[in-house]
Amino acid sequence: MHYHYTTSPRADRVMEANNIIIKPRGCSLFLGLFLFFAFSASLADAETHYHDFVVQQTPVKRLCRTHNIITVNGQFPGPTLEVRDGDTLVIKVVNSARYNVTLHWHGIRQMRTPWADGPEYVTQCPIRPGATYTYRFTIENQEGTLWWHAHSKWLRATVYGALVIYPKLGSSYPFPQPNHEAPILLGEWWDRDPIAVLRQATFTGAAPNISDAYTINGQPGDLYRCSSKDSGVKNDNAETVRLPLDSGERILLRIINSALNQQLFFSVANHKLTVVGADAAYTKPFTTTVVMLGPGQTTDVLLTADQPPARYYMAARAYDSAQNAPFDNTTTTAILEYKGACYTKKGQSSKPVFPRLPAYNDTPTVTAFTSRFRSLTTAKVPTKIDESLFFTIGFGFFNCRPGPRCQGPNGTRFGASMNNVSFVLPSSNSILQASYQGIPGVFTTDFPASPPLQFDYTGNVSRALWQPVRGTKVYKLKYGSTVQIVFQDTSIFTIENHPMHLHGYHFYVVALGFGNFNPVTDTAKFNLIDPPVRNTIGVPTGGWAVIRFVADNPGTWLMHCHIDAHLTWGLAMVFLVENGAGELQSIEPPPADLPPC
């Protein structure tokens, strides 16, 4: 199928039906200026966008089989939300599915509106089948690519979509204007109900079954079975996403890793990609041939159609940093095709050119790519730190009686933790509601600022340290406090790259490294001038990452590994940021339609 991308909001083009139509440039200068100023004046103020999201069961056929998956408005992936900085979104969610659901607006700051953040039992109780809830929030000082997804169990395997934030009217991109823009959503597909996969893993205590395919904008591509038959159209690549471009055109690809459990490499055959943004923050441009994104991360790249007219594969496959862990070793594809090029030879369609992707365990390529990110301008990094935190992150195991519920390694159950605390979601109330209403017994405020024991985190860890403690523990922060967190990977079971996501905030990534963090020698490596701004950071496998931020957004904010299998095992915690002084530094009252617990 052809993928119909959007034109840039400031490009001299319009969409008509299913084609990109170039507007003629021969009209009078006066008329053009008049229309421009009239249009600008009419939209000078920020807008409010209203959407209805119906969460429903929808039959979708992939890999030769039809599954009734959970979608929004029957679309897979879900609708793309397009707004400008300063706009407000009002999204009424109707749950017509059979599961409880919440939606999270990944990367949105949610200033003073934590009730709209979405993670179930953290900021709200779930929207039950047949119920509704309206999310209301304003975009404040953010531009670029974010996304939205379900935040209930594993529903985000199919419930997700792009969220594009354009500059305010009168502003422009800090990079060359693209002719087109296209969201590229990388996903995972299971040839069964993902909730059933989760339930099986939860019952057995073993690792969940790996996915059966990766997808680009919901389609697996040419390298999987039935890739040309699912639509019923008998021609090559009937269900493979295609991006048509004219020679010389420039396109902005808004790449989103919406996969449930897998970091992914992405590349376009024979084309260079210029990175210009990540996680809705502009970066100093740099050129690469391969991009790596952890689940939850976004990367904006410019691509120029400067190669001989032909067809070129866009492809994505796994970066798997965990040693001896099973993973989906397949490759998803889409096609970049030059308009007007001849694709047939002797009556047969010529195959697209395939890109060179790194090996699945190519950590040096990941390190080289990640180390190139820099903020576009000088950053206001906190230098005086009020809260210096050290968080170990990694796996663990729970001992249990031998039997069908103990099928993890050596007759245990898989777990994961931060500072030896394996996070447990409440079941009777949300943490935000309990905090706001003063309800006791839902959580405790004793999450540790550092691990209870110091050890050789990336060395040979004693098995006596492998079992964490379960708990619903939060860490309190005063409004306006400056925070530094050192994330330290551990080698319990195996080292692995963990994409750590903080709700309600973005943060400066001041340093990354391997081995055990050394506060004496590694502090000298901190970039306090132009560190990148992220909302999700991949902590290097067997290494560490240091982030800084100001606690300027009151509420309860989940921080977790964005690999959902790890979140399910407990690799998470919650910050409780206290109100400041006055209304503008305090949480807004809960909405009247907040789902009951």
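Above: the structure in question.
All of these numbers come straight from a predicted model, not from anything done at the bench. (Residues numbered from 1 in each chain as written. Predicted model: local features only at pLDDT ≥ 70, side-chain atom pairs only at ≥ 80, totals over all residues. Heavy atoms only, no water.)

S.K.: Before we go on, may I ask you to explain the sheet that holds strand E37 (residues 572–577) in this structure?
M.R.: The pairing of strands in a sheet comes from backbone hydrogen bonds and takes either a parallel or an antiparallel form. Read across the open sheet, the 5 strands follow the order E29-E37-E36-E31-E34; overall the sheet is mixed. With one partner strand each, in any of the chains shown, strand E29 (474–477) and strand E34 (536–539) form the two edges of the open sheet. Adjacent strand axes in the sheet meet at a mean angle of 20° when their direction is disregarded. Sheet topology note: the E29/E37 ladder contains 4 bridges and is parallel. The partner of Tyr-475 across the bridge, within E37, is Phe-575. (Pairing = 2+ DSSP bridges. Helix = DSSP H or I, 4+ residues; strand = E, 2+ residues; numbered from the N terminus. Axes fitted to C-alpha atoms, helices over the stretch in contact; angles between N-to-C directions.)

S.K.: It is not clear to me how the pattern of salt bridges should be interpreted in this structure. Could you clarify?
M.R.: Side chains that differ in sign of charge can pair as their charged atoms come close. Per the stated rule, a full pass over the model turns up 18 salt bridges. The residue Arg-254 makes a salt bridge to Glu-181 at a minimum N-O spacing of 2.9 Å. Here Arg-254, found in strand E15 (residues 250–257), pairs with Glu-181, found in strand E12 (residues 180–189); they are 73 residues apart in sequence, far enough to count as distant. Given a relative accessible area of 2%, Arg-254 falls into the buried group. Judged by relative accessible area, Glu-181 falls into the buried class, the value being 1%. We note a salt bridge from Lys-284 to Asp-530, for which the minimum N-O separation is 3.0 Å. A residue pair is termed long-range when its members are at least 10 positions apart, and Lys-284 in strand E18 (residues 281–288) and Asp-530 in the loop between strand E32 (507–514) and strand E33 (533–534) qualify at 246 residues. What makes Lys-284 partly exposed here is its relative accessible area of 32%. Judged by relative accessible area, Asp-530 falls into the buried class, the value being 14%. Taken together, the shared-partner salt bridges connect Arg-65, Asp-191 and Arg-225 into one network. (Salt bridge = Lys/Arg side-chain N within 4 Å of Asp/Glu carboxyl O. Buried < 20%, exposed > 50% of the residue type's maximum accessible area, 1.4 Å probe, protein only.)

S.K.: What exactly am I supposed to notice about the state of the cysteines here?
M.R.: As used in these notes, a disulfide is a covalent bond between sulfur atoms, one from each of two cysteines. Evaluation of the coordinates by the stated rule reveals 3 disulfides. A sulfur-sulfur distance of 1.9 Å marks the disulfide that ties Cys-125 to Cys-597. In this structure, the disulfide formed by Cys-125 and Cys-597 twists by about 95° around the S-S bond and is classed as right-handed. Of this pair, Cys-125 sits in the loop between strand E8 (103–106) and strand E9 (132–138) while Cys-597 sits in the segment after E37, and the two are 472 residues apart along the sequence. A sulfur-sulfur distance of 1.8 Å marks the disulfide that ties Cys-400 to Cys-406. Cysteine pairing for the chain, with bonded cysteines counted in sequence order: 1-3, 2-6, 4-5. (Disulfide = S-S within 2.5 Å.)

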